[in-house]
Amino acid sequence: MQPNMKFALFGNTYQEHKSAHIAHLLKILRQRDAEICISAEFYYFLKHHTQTDLGGLEVFEGNNFSADMALSIGGDGTFLKAASRVGNKEIPILGINTGRLGFLAAISPNEMEDTFNEIYRGKYLAEPRRVLKLTCNGQVLKGYPYGLNEIAVLKQDNSSMITIRAYVNNELLNVYQADGLIVATPTGSTGYSLSVGGPIMVPQSGTFSLTAVAPHSLNVRPIVLRDDWEIILDVESRSHNFLVAVDGRSETCREGTRLTIRRAEYFIRIVKRCDHSFFNTLKDKLMWGADNRQ
């Protein structure tokens, strides 16, 4: 049996009609005398837009928290934001899905009781997932430069393609003429990367992938690389600007900015139930291998 646990609570701030799930979650945790802290923006959203009982919760700002486990209530976007707040704390994150598909937020609200029973018995997995780190030569990024899913370089301002010179360990890999280029982790391989034709990668594979977005040449294909290799990207654009998106958090970079992508020094740990596997998730979420022919 696990001793008294402390949970850090994160959630999206635009689904007040799903507050019943939050109330149910708080009831489950209070029944176990858990300590609960909650991110300030989520707390004030619940306070002003719902009737949820928030008594006894510790409110924290930014990344100023500690806990045994972080809880993300929402979809995969909410999970990614929670992961950026957890950062290198190595606190395992459980995703409770009140969104749509839910690859990262894989626990449905009706599984919460069983899931927390298992957590308090110590019967769960905390899978380590690799994170990408972005550094820029000549420009300081304003946002958090770590991505659990992907780092994407995309065109901005006009419809013209951008040119991306990609180097792997200082050797030229390819010159991409495309709308963009996505560098994805195995965790992100079922997200944005998959939607533009990228490969699905097993989380423990020790790899990442490069996939062009709408490439000008039909012979440009995705490539999978070792995750301990370094990628350097030089970007040219007619508008002299381009976008860099890290797990959906985007900002503008100037032409001439050199981007360097490496694996980060830490993992994000994703809480999984013991009977949930990656291949089952593919079947459930993507209808992997389903044959609907009559």
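Definitions and cut-offs
Residues numbered from 1 in each chain as written. Predicted model: local features only at pLDDT ≥ 70, side-chain atom pairs only at ≥ 80, totals over all residues. Heavy atoms only, no water. Helix = DSSP H or I, 4+ residues; strand = E, 2+ residues; numbered from the N terminus. Buried < 20%, exposed > 50% of the residue type's maximum accessible area, 1.4 Å probe, protein only. Contact = heavy atoms within 4.5 Å. Pairing = 2+ DSSP bridges. Axes fitted to C-alpha atoms, helices over the stretch in contact; angles between N-to-C directions. Parallel < 35°, antiparallel > 145°, perpendicular 65-115°, else oblique. Left-handed = near helix turned anticlockwise from the far one by under 90°. Nonpolar A, V, L, I, M, F, W, Y, C, P; charged D, E, K, R; others polar. Phe/Tyr/Trp six-rings, centres within 6.5 Å; stacked < 30°, edge-to-face > 60°. Lys NZ or Arg CZ within 6 Å of the ring centre and 35° of its normal.

S.K.: Which parts of the structure should I look at to understand the overall build of the protein?
M.R.: In terms of regular secondary structure, the protein is built from six helices and 17 strands. Overall, the protein is about 60 × 50 × 35 Å in size when its C-alpha atoms are taken along their principal axes. The proportion of buried residues among the 294 residues of the protein is 51%. Long-range contacts, defined as pairs at least 24 residues apart, comprise 68% of the intrachain contacts of the protein with a sequence gap of at least 6.

S.K.: Hey, could you run me through the sheet that holds strand E11 (residues 180-184) in this one?
M.R.: Spatially, E13-E12-E11-E8-E15-E16 is the arrangement adopted by the six strands of the open sheet, whose pairing is antiparallel. What marks the edges here is a single partner per strand, and that holds for strand E13 (223-226) and strand E16 (249-254). The sheet shows a mean angle of 20° between the axes of neighbouring strands, direction not considered. Looking at chain direction, E11 and strand E12 (residues 207-213) are connected through five bridges and run antiparallel. Directly across from alanine 184, in E12, lies its bridge partner serine 209.

S.K.: What exactly am I supposed to notice about helix H3 (residues 76-86) here?
M.R.: One turn of the α-helix equals 3.6 residues, which is why residues spaced by three or four share an orientation. In terms of burial, H3 is a largely internal element, eight of the eleven residues being buried. Taken residue by residue, H3 has Thr78, Phe79, Leu80, Ala82, Ala83, Ser84, Arg85 and Val86 as its buried positions. One or two positions beyond H3, positive phi appears at glycine 87, with a value near 55°.

S.K.: How should I be thinking about the environment of leucine 172 in this particular structure?
M.R.: Among the secondary structure elements, leucine 172 is positioned in strand E10 (residues 171-178). Measuring from C-alpha to C-alpha, the distance between leucine 172 and alanine 40 comes to 46 Å, with 132 residues separating the pair along the chain. What leucine 172 contacts, discounting residues up to four positions off in sequence, is Arg165, Ala166 and Tyr167.

S.K.: What exactly am I supposed to notice about the pairing of E11 here?
M.R.: Judged by how many residues are buried, E11 sits mostly within the fold: five of five residues are covered. Covered by surrounding structure in E11 are Gly180, Ile182 and Ala184 together with Leu181 and Val183, the residues of both alternating faces. Strand direction decides the pairing type here: strand E8 (residues 150-154) and E11, joined by five bridges, are antiparallel. Looking at E11, one finds that isoleucine 151 is bridged to valine 183.

S.K.: Can you help me understand the pairing of E8 in this one?
M.R.: One face of the sheet, then the other: side chains in a regular strand alternate in exactly this way. Counting buried positions along E8 gives five out of five residues, so the element sits mostly inside the fold. Burial along E8 is two-sided: the residues Glu150, Ala152 and Leu154 and Ile151 and Val153 are all buried.

S.K.: Please explain the packing of helix H1 (residues 19-31) against helix H4 (residues 112-120) as it appears in this structure.
M.R.: Between two packed helices, the angle of one axis relative to the other and the distance separating the axes together describe the packing. Across the interface, H1 lies against H4 with an axial gap of 11 Å and an inter-helix angle of 30°. The angle between H1 and H4 falls in the class roughly parallel. The interaxial crossing formed by H1 with H4 has right-handed handedness. Residues His21, His24, Leu25, Ile28 and Leu29 of H1 lie in contact with H4, whose contacting residues are Met112, Glu113 and Phe116. Residues belonging to the contact of H1 with H4 are distributed by class as follows: five nonpolar, two polar and one charged.

S.K.: Is there a simple way to explain the packing of aromatic side chains in this structure?
M.R.: Tallied over the full model, the rule gives nine aromatic pairs. The interplanar angle of 70° and the centroid separation of 5.6 Å between the aromatic rings of phenylalanine 10 and phenylalanine 60 together place this pair among those described as edge-to-face. Of the two residues, phenylalanine 10 is situated in strand E1 (residues 6-11) and phenylalanine 60 in strand E3 (residues 58-60); the sequence distance between them amounts to 50 residues. Put simply, the rings of Phe7, Phe116 and Tyr120 pair up and form one aromatic cluster. One Lys or Arg, lysine 89, reaches over the ring of phenylalanine 65 and ends 4.9 Å from the middle of that ring. Taking the ring centre of tyrosine 167 as reference, the NZ or CZ of arginine 258 above it sits at 5.8 Å.

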